[in-house]
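Residues per chain, in single letters:
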Amino acid sequence: MTTSTVFPLVRARGISRVVAGLFLFGLSSAAAQAAGCGEPVQPGHYSLSFQSGDVEREAIYVIPSSYTGKKKVPLVLDFHGSNSNPKVQLGRSHWNEVAEREGFVVMALAGSLKGGLPNTYAWNVPGVTAGEGADESAAIREALKIVEEKLCIDATKVYASGYSGGGRMLSQYICNGFGDFAAAGFVMGLRAGTPVEENGVWQPRRESCQPSRPVSIIAFSGKKDHVNPFEGGGRAYWRYGGEVALNRWAELNGCDTRASLETGENADVATYAGCRASTSVVSYVIASADHAWPARTVRFRLASNGDKAIREVDATDRMWEFFKASGGEMIATVAVDAACSDKQKTAAISDGGQGIRCTRTSKPDSNAPSVSDDL
(Lines give C-alpha, C1' and ligand atoms only; values in the text may rest on other atoms or scores of the structure.)
Protein backbone atom coordinates (compact mmCIF):
# COMPACT_ATOMS: atom_id res chain seq x y z
CA MET A 1 0.00 0.00 0.00
CA THR A 2 1.36 3.41 -0.89
CA THR A 3 0.16 6.96 -0.55
CA SER A 4 1.19 10.19 -2.21
CA THR A 5 -0.52 12.47 0.29
CA VAL A 6 1.77 15.25 1.52
CA PHE A 7 1.19 18.39 3.51
CA PRO A 8 1.73 21.96 2.32
CA LEU A 9 4.63 23.66 4.06
CA VAL A 10 3.71 26.69 6.15
CA ARG A 11 6.53 29.17 5.59
CA ALA A 12 7.90 32.08 7.63
CA ARG A 13 4.67 33.19 9.25
CA GLY A 14 3.88 29.55 10.10
CA ILE A 15 6.68 29.45 12.67
CA SER A 16 5.38 29.03 16.22
CA ARG A 17 7.06 30.15 19.43
CA VAL A 18 6.45 29.99 23.15
CA VAL A 19 7.75 33.11 24.88
CA ALA A 20 6.87 34.09 28.46
CA GLY A 21 4.08 31.55 28.51
CA LEU A 22 2.49 32.65 25.21
CA PHE A 23 1.86 30.02 22.56
CA LEU A 24 1.21 31.30 19.05
CA PHE A 25 0.38 29.15 16.05
CA GLY A 26 1.49 30.67 12.74
CA LEU A 27 -1.77 30.69 10.84
CA SER A 28 -3.22 32.81 8.06
CA SER A 29 -5.18 35.85 9.17
CA ALA A 30 -8.43 34.07 8.28
CA ALA A 31 -7.76 31.19 10.66
CA ALA A 32 -8.47 31.31 14.37
CA GLN A 33 -5.81 30.51 16.93
CA ALA A 34 -6.14 27.11 18.52
CA ALA A 35 -7.30 26.92 22.10
CA GLY A 36 -7.69 23.23 22.82
CA CYS A 37 -10.96 21.74 21.69
CA GLY A 38 -13.39 24.04 19.98
CA GLU A 39 -11.27 25.99 17.51
CA PRO A 40 -10.27 24.90 13.99
CA VAL A 41 -6.64 25.05 12.91
CA GLN A 42 -5.42 25.25 9.35
CA PRO A 43 -3.90 21.91 8.33
CA GLY A 44 -0.24 21.72 7.41
CA HIS A 45 3.33 21.47 8.67
CA TYR A 46 4.30 23.89 11.45
CA SER A 47 7.56 24.72 13.16
CA LEU A 48 7.57 25.12 16.92
CA SER A 49 10.14 26.80 19.18
CA PHE A 50 9.76 26.65 22.94
CA GLN A 51 11.86 27.18 26.03
CA SER A 52 12.71 24.21 28.23
CA GLY A 53 14.97 25.14 31.11
CA ASP A 54 17.54 27.50 29.64
CA VAL A 55 17.49 25.86 26.22
CA GLU A 56 15.38 26.75 23.20
CA ARG A 57 14.00 23.57 21.65
CA GLU A 58 12.71 22.96 18.15
CA ALA A 59 10.01 20.68 16.78
CA ILE A 60 7.78 20.12 13.78
CA TYR A 61 4.12 19.21 14.12
CA VAL A 62 1.63 18.21 11.45
CA ILE A 63 -2.12 18.78 11.51
CA PRO A 64 -4.26 16.67 9.14
CA SER A 65 -6.82 18.23 6.82
CA SER A 66 -9.64 16.48 8.70
CA TYR A 67 -8.85 18.31 11.95
CA THR A 68 -11.79 20.41 13.17
CA GLY A 69 -10.84 21.20 16.74
CA LYS A 70 -14.16 19.78 17.90
CA LYS A 71 -13.26 16.09 18.05
CA LYS A 72 -10.38 14.73 20.09
CA VAL A 73 -7.72 13.09 17.95
CA PRO A 74 -4.71 10.87 18.72
CA LEU A 75 -1.15 12.20 18.89
CA VAL A 76 2.05 10.44 17.77
CA LEU A 77 5.52 11.67 18.72
CA ASP A 78 8.28 10.65 16.30
CA PHE A 79 11.85 10.55 17.71
CA HIS A 80 14.66 10.89 15.14
CA GLY A 81 17.94 8.99 15.26
CA SER A 82 21.38 10.46 15.92
CA ASN A 83 22.82 12.71 13.22
CA SER A 84 19.33 13.56 12.02
CA ASN A 85 16.52 16.06 12.55
CA PRO A 86 12.70 16.13 12.65
CA LYS A 87 12.27 16.86 8.94
CA VAL A 88 14.54 13.99 7.90
CA GLN A 89 12.81 11.68 10.36
CA LEU A 90 9.35 12.42 8.98
CA GLY A 91 10.74 11.79 5.52
CA ARG A 92 11.98 8.42 6.76
CA SER A 93 8.94 7.28 8.73
CA HIS A 94 6.18 8.95 6.66
CA TRP A 95 4.18 9.45 9.84
CA ASN A 96 2.88 12.69 8.30
CA GLU A 97 1.25 10.73 5.47
CA VAL A 98 -0.33 8.23 7.84
CA ALA A 99 -1.55 11.12 10.02
CA GLU A 100 -3.23 12.76 7.03
CA ARG A 101 -4.96 9.53 6.03
CA GLU A 102 -5.99 8.49 9.54
CA GLY A 103 -6.73 11.91 11.04
CA PHE A 104 -4.28 12.37 13.92
CA VAL A 105 -1.57 14.87 14.86
CA VAL A 106 2.11 13.96 14.64
CA MET A 107 5.02 15.86 16.21
CA ALA A 108 8.77 15.36 15.76
CA LEU A 109 11.04 16.94 18.39
CA ALA A 110 14.74 17.69 17.87
CA GLY A 111 17.32 16.32 20.32
CA SER A 112 19.45 18.73 22.34
CA LEU A 113 22.90 17.52 21.25
CA LYS A 114 24.52 18.65 18.01
CA GLY A 115 24.90 15.82 15.53
CA GLY A 116 27.99 14.92 13.59
CA LEU A 117 26.54 16.43 10.39
CA PRO A 118 25.35 19.99 9.68
CA ASN A 119 21.83 20.79 10.91
CA THR A 120 21.51 17.47 12.72
CA TYR A 121 20.91 16.51 16.35
CA ALA A 122 21.27 13.64 18.80
CA TRP A 123 19.65 12.77 22.11
CA ASN A 124 21.11 13.24 25.56
CA VAL A 125 19.88 9.83 26.71
CA PRO A 126 19.67 9.74 30.54
CA GLY A 127 22.28 7.44 32.06
CA VAL A 128 23.90 6.74 28.69
CA THR A 129 25.09 9.82 26.81
CA ALA A 130 28.40 11.31 27.92
CA GLY A 131 27.87 14.61 26.06
CA GLU A 132 26.73 17.88 27.61
CA GLY A 133 23.07 18.22 26.73
CA ALA A 134 19.76 19.47 28.03
CA ASP A 135 17.16 17.58 30.03
CA GLU A 136 15.43 15.68 27.24
CA SER A 137 12.70 14.30 29.48
CA ALA A 138 11.71 17.79 30.57
CA ALA A 139 11.58 18.96 26.96
CA ILE A 140 9.44 16.01 25.91
CA ARG A 141 6.98 16.75 28.69
CA GLU A 142 6.92 20.45 27.80
CA ALA A 143 6.21 19.63 24.15
CA LEU A 144 3.43 17.24 25.12
CA LYS A 145 1.90 19.82 27.44
CA ILE A 146 1.92 22.49 24.74
CA VAL A 147 0.23 20.31 22.14
CA GLU A 148 -2.31 18.79 24.54
CA GLU A 149 -3.30 22.24 25.84
CA LYS A 150 -3.54 23.95 22.48
CA LEU A 151 -4.91 21.22 20.25
CA CYS A 152 -7.85 18.87 20.69
CA ILE A 153 -5.88 15.78 21.68
CA ASP A 154 -7.23 12.55 23.18
CA ALA A 155 -4.93 12.09 26.19
CA THR A 156 -5.71 8.35 26.22
CA LYS A 157 -4.38 7.97 22.68
CA VAL A 158 -0.92 9.48 22.87
CA TYR A 159 1.74 7.27 21.26
CA ALA A 160 5.40 7.49 20.31
CA SER A 161 7.87 5.91 17.92
CA GLY A 162 11.65 6.07 17.98
CA TYR A 163 14.30 5.24 15.41
CA SER A 164 17.77 4.08 16.53
CA GLY A 165 19.06 6.76 18.94
CA GLY A 166 15.50 8.06 19.17
CA GLY A 167 14.42 4.55 20.15
CA ARG A 168 17.01 4.52 22.91
CA MET A 169 15.76 7.91 24.09
CA LEU A 170 12.15 6.77 24.04
CA SER A 171 13.04 3.54 25.85
CA GLN A 172 14.77 5.35 28.68
CA TYR A 173 12.03 7.97 28.92
CA ILE A 174 9.49 5.24 29.62
CA CYS A 175 11.97 3.38 31.85
CA ASN A 176 12.34 6.52 33.97
CA GLY A 177 8.69 6.41 34.93
CA PHE A 178 7.07 8.84 32.50
CA GLY A 179 3.71 7.28 31.65
CA ASP A 180 2.58 9.57 28.85
CA PHE A 181 2.33 6.95 26.10
CA ALA A 182 -0.31 4.26 25.74
CA ALA A 183 1.94 2.40 23.28
CA ALA A 184 5.41 2.84 21.84
CA GLY A 185 7.10 1.61 18.67
CA PHE A 186 10.81 1.08 18.10
CA VAL A 187 12.86 0.68 14.93
CA MET A 188 16.40 -0.61 15.45
CA GLY A 189 16.55 0.89 18.93
CA LEU A 190 14.58 -0.86 21.71
CA ARG A 191 16.30 -0.85 25.10
CA ALA A 192 15.14 -1.88 28.58
CA GLY A 193 17.60 0.08 30.70
CA THR A 194 21.33 0.69 30.66
CA PRO A 195 23.62 -2.29 29.93
CA VAL A 196 25.55 -4.05 32.69
CA GLU A 197 27.73 -7.15 32.56
CA GLU A 198 26.87 -9.86 35.09
CA ASN A 199 28.85 -13.09 35.19
CA GLY A 200 30.11 -12.45 31.68
CA VAL A 201 26.64 -11.84 30.25
CA TRP A 202 25.29 -8.43 29.24
CA GLN A 203 21.88 -7.63 30.70
CA PRO A 204 19.71 -4.54 31.28
CA ARG A 205 20.45 -2.93 34.64
CA ARG A 206 17.18 -3.67 36.38
CA GLU A 207 17.14 -0.57 38.58
CA SER A 208 17.59 1.63 35.47
CA CYS A 209 14.19 0.68 34.04
CA GLN A 210 11.19 1.14 36.31
CA PRO A 211 8.16 2.20 34.22
CA SER A 212 5.23 3.76 36.03
CA ARG A 213 2.72 1.47 34.30
CA PRO A 214 2.53 -1.26 31.65
CA VAL A 215 2.88 0.02 28.08
CA SER A 216 2.33 -1.80 24.80
CA ILE A 217 5.59 -2.28 22.88
CA ILE A 218 6.18 -3.07 19.20
CA ALA A 219 9.76 -3.38 17.93
CA PHE A 220 11.32 -3.84 14.50
CA SER A 221 14.85 -5.22 14.20
CA GLY A 222 17.08 -6.26 11.31
CA LYS A 223 19.30 -9.31 11.31
CA LYS A 224 21.79 -7.36 9.18
CA ASP A 225 21.85 -4.33 11.48
CA HIS A 226 25.54 -3.65 12.17
CA VAL A 227 24.90 -0.50 14.24
CA ASN A 228 22.55 -1.90 16.91
CA PRO A 229 22.95 -5.67 16.44
CA PHE A 230 19.93 -7.75 17.34
CA GLU A 231 22.22 -10.50 18.61
CA GLY A 232 23.98 -8.09 20.98
CA GLY A 233 27.45 -6.58 21.14
CA GLY A 234 28.06 -3.30 19.34
CA ARG A 235 28.82 -0.04 21.06
CA ALA A 236 28.94 0.66 24.78
CA TYR A 237 25.34 1.91 24.85
CA TRP A 238 24.06 -1.32 23.25
CA ARG A 239 25.74 -4.60 24.42
CA TYR A 240 22.72 -6.79 25.22
CA GLY A 241 20.63 -8.11 22.34
CA GLY A 242 17.16 -7.32 21.11
CA GLU A 243 15.52 -10.45 22.47
CA VAL A 244 16.93 -9.70 25.93
CA ALA A 245 15.31 -6.26 25.77
CA LEU A 246 11.99 -7.78 24.67
CA ASN A 247 12.09 -10.36 27.46
CA ARG A 248 12.65 -7.61 29.99
CA TRP A 249 9.73 -5.54 28.70
CA ALA A 250 7.54 -8.64 28.77
CA GLU A 251 8.57 -9.15 32.38
CA LEU A 252 7.88 -5.51 33.25
CA ASN A 253 4.42 -5.81 31.64
CA GLY A 254 3.68 -9.06 33.48
CA CYS A 255 3.35 -11.06 30.25
CA ASP A 256 3.64 -14.84 29.89
CA THR A 257 7.20 -16.01 30.42
CA ARG A 258 7.61 -17.33 26.89
CA ALA A 259 6.86 -15.77 23.54
CA SER A 260 5.15 -17.61 20.73
CA LEU A 261 6.79 -17.21 17.34
CA GLU A 262 5.56 -17.19 13.76
CA THR A 263 7.99 -17.31 10.87
CA GLY A 264 7.50 -15.81 7.45
CA GLU A 265 9.61 -15.75 4.34
CA ASN A 266 11.44 -12.63 5.44
CA ALA A 267 10.36 -11.90 9.01
CA ASP A 268 9.80 -13.62 12.34
CA VAL A 269 7.22 -12.20 14.73
CA ALA A 270 7.34 -12.91 18.47
CA THR A 271 4.28 -12.17 20.60
CA TYR A 272 4.16 -12.10 24.38
CA ALA A 273 0.62 -12.74 25.60
CA GLY A 274 -1.14 -12.38 28.94
CA CYS A 275 0.27 -8.94 29.74
CA ARG A 276 -1.20 -6.68 32.42
CA ALA A 277 -3.66 -3.90 31.58
CA SER A 278 -4.37 -5.48 28.17
CA THR A 279 -0.96 -4.43 26.89
CA SER A 280 1.04 -6.31 24.25
CA VAL A 281 4.71 -6.89 23.44
CA VAL A 282 5.39 -7.73 19.78
CA SER A 283 8.65 -8.04 17.88
CA TYR A 284 9.42 -8.25 14.15
CA VAL A 285 12.90 -9.47 13.21
CA ILE A 286 13.48 -8.96 9.48
CA ALA A 287 16.04 -11.20 7.82
CA SER A 288 17.04 -8.82 5.03
CA ALA A 289 16.89 -5.53 6.96
CA ASP A 290 19.92 -3.55 8.06
CA HIS A 291 19.82 -0.34 10.11
CA ALA A 292 17.29 1.43 7.91
CA TRP A 293 13.60 2.05 8.69
CA PRO A 294 11.61 -0.85 7.13
CA ALA A 295 9.64 1.13 4.59
CA ARG A 296 7.53 0.24 1.59
CA THR A 297 9.92 -2.49 0.43
CA VAL A 298 9.21 -4.53 3.59
CA ARG A 299 5.58 -5.58 3.96
CA PHE A 300 3.52 -6.90 6.85
CA ARG A 301 0.16 -8.62 6.61
CA LEU A 302 -2.90 -7.42 8.51
CA ALA A 303 -5.46 -10.14 9.02
CA SER A 304 -9.10 -9.75 8.14
CA ASN A 305 -11.13 -7.80 10.68
CA GLY A 306 -14.85 -7.88 9.98
CA ASP A 307 -15.45 -6.18 6.65
CA LYS A 308 -11.77 -5.46 6.06
CA ALA A 309 -9.93 -7.78 3.71
CA ILE A 310 -6.44 -9.07 4.37
CA ARG A 311 -3.96 -6.39 3.30
CA GLU A 312 -0.26 -5.69 3.44
CA VAL A 313 1.25 -2.58 5.01
CA ASP A 314 4.69 -1.13 5.66
CA ALA A 315 6.33 -0.73 9.08
CA THR A 316 4.76 2.64 9.92
CA ASP A 317 1.27 1.47 8.96
CA ARG A 318 1.84 -1.69 10.98
CA MET A 319 2.89 0.40 13.96
CA TRP A 320 -0.22 2.54 13.67
CA GLU A 321 -2.47 -0.54 13.57
CA PHE A 322 -0.70 -1.73 16.72
CA PHE A 323 -1.23 1.63 18.42
CA LYS A 324 -4.94 1.60 17.57
CA ALA A 325 -5.26 -1.95 18.93
CA SER A 326 -3.36 -1.26 22.15
CA GLY A 327 -5.59 -2.32 24.99
CA GLY A 328 -7.43 -4.72 22.70
CA GLU A 329 -6.87 -7.84 20.64
CA MET A 330 -4.17 -7.79 18.00
CA ILE A 331 -5.23 -8.48 14.42
CA ALA A 332 -1.82 -8.45 12.77
CA THR A 333 0.60 -11.15 11.72
CA VAL A 334 3.38 -11.82 9.26
CA ALA A 335 2.79 -13.47 5.94
CA VAL A 336 3.37 -16.94 7.38
CA ASP A 337 5.04 -19.49 5.12
CA ALA A 338 5.65 -22.30 7.58
CA ALA A 339 4.73 -21.73 11.21
CA CYS A 340 6.70 -23.19 14.10
CA SER A 341 5.19 -26.04 16.03
CA ASP A 342 3.47 -25.35 19.33
CA LYS A 343 6.47 -26.67 21.26
CA GLN A 344 8.91 -24.27 19.61
CA LYS A 345 9.16 -21.00 21.48
CA THR A 346 11.65 -18.24 22.05
CA ALA A 347 13.73 -18.15 25.22
CA ALA A 348 11.88 -17.83 28.49
CA ILE A 349 12.11 -14.44 30.22
CA SER A 350 13.81 -16.07 33.19
CA ASP A 351 16.50 -17.69 31.02
CA GLY A 352 18.21 -14.43 30.00
CA GLY A 353 20.48 -14.22 27.00
CA GLN A 354 19.23 -14.60 23.46
CA GLY A 355 18.02 -18.18 23.85
CA ILE A 356 17.19 -20.60 21.04
CA ARG A 357 14.99 -19.21 18.31
CA CYS A 358 12.51 -21.07 16.15
CA THR A 359 13.61 -20.07 12.67
CA ARG A 360 13.57 -21.27 9.10
CA THR A 361 15.60 -20.41 6.04
CA SER A 362 14.61 -16.89 5.01
CA LYS A 363 14.34 -15.70 1.44
CA PRO A 364 16.42 -12.53 0.95
CA ASP A 365 14.53 -9.44 -0.15
CA SER A 366 16.29 -7.86 -3.12
CA ASN A 367 14.49 -4.60 -2.35
CA ALA A 368 15.61 -4.40 1.27
CA PRO A 369 16.32 -0.92 2.64
CA SER A 370 19.85 0.35 2.21
CA VAL A 371 22.22 1.00 5.11
CA SER A 372 21.68 4.32 6.85
CA ASP A 373 24.35 6.42 8.56
CA ASP A 374 21.72 7.69 10.99
CA LEU A 375 22.36 6.16 14.41
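What counts as what
- Residues numbered from 1 in each chain as written.
- Predicted model: local features only at pLDDT ≥ 70, side-chain atom pairs only at ≥ 80, totals over all residues.
- Heavy atoms only, no water.
- Helix = DSSP H or I, 4+ residues; strand = E, 2+ residues; numbered from the N terminus.
- Buried < 20%, exposed > 50% of the residue type's maximum accessible area, 1.4 Å probe, protein only.
- Areas by Shrake-Rupley, 256 points an atom, 1.4 Å probe, with all protein chains shown as cover.
- Disulfide = S-S within 2.5 Å.
- Pairing = 2+ DSSP bridges.
- Salt bridge = Lys/Arg side-chain N within 4 Å of Asp/Glu carboxyl O.
- Core = buried A, V, L, I, M, F, W, Y, C linked by side-chain atoms within 4.5 Å.
- Contact = heavy atoms within 4.5 Å.
- Phe/Tyr/Trp six-rings, centres within 6.5 Å; stacked < 30°, edge-to-face > 60°.
- pLDDT = per-residue confidence, 0-100.

1. Some thoughts on the overall build of the chain
Working step 1: Of regular secondary structure, the chain possesses six helices and 19 strands.
Working step 2: Here the chain holds 375 residues, and the buried ones make up 55% of them.
Working step 3: Accessible area for the chain stands at about 15900 Å²; split by element, carbon and sulfur atoms hold 49% of it.

2. Examining the state of the cysteines
Working step 1: Enumeration according to the criterion identifies three disulfides in this entry.
Working step 2: One disulfide in the model links Cys37 with Cys152; its S-S distance is 1.9 Å. Classification of the bridge connecting Cys37 and Cys152 rests on its S-S torsion, roughly 90°, and on that basis the disulfide is right-handed. Of the two residues, Cys37 sits in the loop between β2 (22–24) and β3 (44–52) while Cys152 sits in the loop between α3 (136–150) and β9 (153–163), which places them 115 residues apart along the sequence.
Working step 3: Taking relative accessible area as the criterion, Cys37 reaches 42% and is therefore assigned partly exposed.
Working step 4: Between the sulfur atoms of Cys175 and its disulfide partner Cys209 the distance amounts to 2.1 Å. Judged by the torsion about the S-S bond (-75°), the Cys175/Cys209 disulfide is left-handed.

3. Concerning the pairing of strand β4 (residues 55–63)
Working step 1: The pairing of β3 with β4 spans nine bridges and is antiparallel. The residue of β4 that forms the bridge with Ser49 is Glu58.
Working step 2: From the end of β3 to the start of β4, which pair antiparallel, there are two residues, and Gly53 there has a positive phi angle of about 65°.
Working step 3: Here β4 pairs with strand β6 (residues 105–109) via four bridges, running antiparallel. Counted as the bridge partner of Tyr61 is Met107 from β6.

4. Examining the pattern of salt bridges
Working step 1: This structure, assessed with the given rule, holds nine salt bridges.
Working step 2: We note a salt bridge from Glu102 to Arg101, for which the minimum N-O separation is 3.2 Å.
Working step 3: Accessibility expressed as a relative area gives 36% for Arg101, which makes it partly exposed.

5. Some words on the nonpolar core
Working step 1: Residues Leu77, Phe181 and Trp249 are the most contacted members of the largest nonpolar core, which totals 55 residues.
Working step 2: A total of six residues in this core trace back to one element, the largest contributor, which is helix α5 (residues 242–252).
Working step 3: With residues up to four places along the chain from it excluded, the contact list for Phe181 reads Leu77, Leu144, Val158, Tyr159, Ala160, Leu170, Tyr173, Ile174, Arg213 and Val215.
Working step 4: Core analysis: the second largest hydrophobic core is formed by 33 residues, Val62, Val98, Tyr284 and Trp320 among them.

6. Details of the packing of aromatic side chains
Working step 1: Going through the model one piece at a time under the given rule, you end up with eleven aromatic pairs.
Working step 2: Seen from their ring centres, Phe79 and Trp123 are 5.3 Å apart, and the 50° between their planes marks the pair as tilted. With Phe79 in strand β5 (residues 73–79) and Trp123 in the loop between β8 (121–122) and α3, the pair connects residues that are 44 residues apart, well separated along the chain.
Working step 3: A ring pair is formed by Tyr159 and Phe323, whose centres lie 4.9 Å apart and whose planes are at 15°; its orientation type is stacked.

7. Quick look at the pairing of strand β11 (residues 195–198)
Working step 1: Summarising the sheet, β11 and strand β12 (residues 201–204) pair through four bridges and their orientation is antiparallel. Residue pairing for β12: Val196 is matched across the bridge by Gln203.

8. Focus: α5
Working step 1: Within α5, ten of the eleven residues are buried, leaving the element largely enclosed by the surrounding structure.
Working step 2: For α5, the full list of buried residues reads Gly242, Glu243, Val244, Ala245, Leu246, Asn247, Arg248, Trp249, Ala250 and Leu252.
Working step 3: Of the surrounding elements, those touching the buried residues of α5 are α4 (165–175), β12, β13 (216–222), β15 (267–272) and β16 (281–286).

9. Points about the confidence of the model for the chain
Working step 1: Residues of the chain with pLDDT of at least 70 account for 75%, and the chain-wide mean is 80.
Working step 2: Scored below 50 in pLDDT, residues 1–35 makes 80 contacts in the model with residues more than four places away or belonging to other chains.
Working step 3: Per-residue pLDDT stays below 50 along residues 327–347; that stretch engages in 63 contacts with residues further than four places along the chain or on separate chains.

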